[in-house]
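Chain by chain, the residues run as shown.
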Amino acid sequence: MPAPLFTIGYEQVSSAAVLDTLSAAGVELLVDVRAVAASRRAGFSKSHLAAGVAGRAIGYLHLRGLGTPAEGRQAARAGHYDELRRIYDLHLATPTAREQLDELTELVRNGRRVCLLCFERHPEHCHRQMIADLICERVDVPVEHLLAPPV
């Protein structure tokens, strides 16, 4: 059976809890799918996150082109998830998003234990669920949504 494609959100959790959860799942590569890899939450800005996973022998890749456009993030914050999906579907048609989705597909196809990271705790409220669904259609791997213990 192929390795699952993992996803994780860092809302309501500490960076240590996320790192512990990634390690326990055997993740080899954390793929940050935020448009803006910055956070007010300690440990989740790009450089801190990359250093944290490196300390656990996990790679880090930021695929900015798979991040949600600003209007999609606003829709998600407002709880308008159908609007988020509509906006993100349009975004996925852009050349950069298509190229980075192909790159991610190849990483998963080659058997890497990949985990997608974004903010929202629940994948059904996040674009990472849409990315995971597309990857699974292309590669036929299961998805496993990781939940780190809340703070």
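Residues numbered from 1 in each chain as written. Predicted model: local features only at pLDDT ≥ 70, side-chain atom pairs only at ≥ 80, totals over all residues. Heavy atoms only, no water.

(A) Structural view of the overall build of the protein chain. Broken down by element type, the protein chain carries 6 helices and 5 strands. The globule rule puts the C-alpha radius of gyration for 151 residues at 15 Å, and the 14 Å found for the protein chain is close to it. Across its three principal axes, the protein chain shows a C-alpha extent of roughly 35 × 35 × 25 Å. With 151 residues in all, the protein chain has 46% of them scored as buried. Sequence-distant contacts, at least 24 apart, represent 77% of the contacts inside the protein chain between residues at least 6 apart. (Helix = DSSP H or I, 4+ residues; strand = E, 2+ residues; numbered from the N terminus. Rg over C-alpha atoms; globule rule 2.2 N^0.38 Å. Buried < 20%, exposed > 50% of the residue type's maximum accessible area, 1.4 Å probe, protein only. Contact = heavy atoms within 4.5 Å.)

(B) Structural view of the environment of Gly-111. Take Gly-111: it is sitting in the loop between helix 5 (95-109) and strand 4 (114-118). By relative accessible area, which is 45% here, Gly-111 ends up partly exposed. Between the C-alpha atom of Gly-111 and that of Val-141, which follows or precedes it by 30 residues, the distance is 9.7 Å.

(C) Focus on the nonpolar core. Ranked by internal contacts, the top residues of the largest apolar core, which has 24 residues, are Leu-66, Leu-104, Val-114, Leu-116 and Ile-131. Every element with two or more residues in this core is listed here: strand 2 (29-32), helix 4 (81-92), helix 5, strand 4 and helix 6 (127-139). If one sorts the elements of this core by residue count, helix 6 sits on top with 6 residues. When residues no more than four places from it in sequence are discounted, the contact partners of Val-114 are Pro-4, Leu-5, Phe-6, Leu-29, Val-31, Leu-104, Leu-107 and Val-108. Core analysis: the next-biggest nonpolar cluster, separate from the first, contains 21 residues, Phe-6, Ala-25, Val-27 and Leu-146 among them. (Core = buried A, V, L, I, M, F, W, Y, C linked by side-chain atoms within 4.5 Å.)

(D) Layout of helix 5. With 15 residues, helix 5 extends 21 Å between its outermost C-alpha atoms, agreeing within 8% with the 21 Å of an ideal straight helix rising 1.5 Å per residue. Of the positions making up helix 5, those classed as buried are Ala-97, Gln-100, Leu-101, Leu-104, Thr-105, Leu-107 and Val-108. Taken down its axis, helix 5 places every buried residue within 160 degrees of arc, on the same side. Relative to its buried face, helix 5 has exposed residues pointing more than 90 degrees away, namely Pro-95 and Glu-99. For helix 5, the elements touching its buried residues are strand 1 (5-9), strand 2, strand 3 (59-62), helix 4, strand 4 and helix 6. (Expected span 1.5 Å × (residues − 1). Arc of directions from axis to C-beta.)

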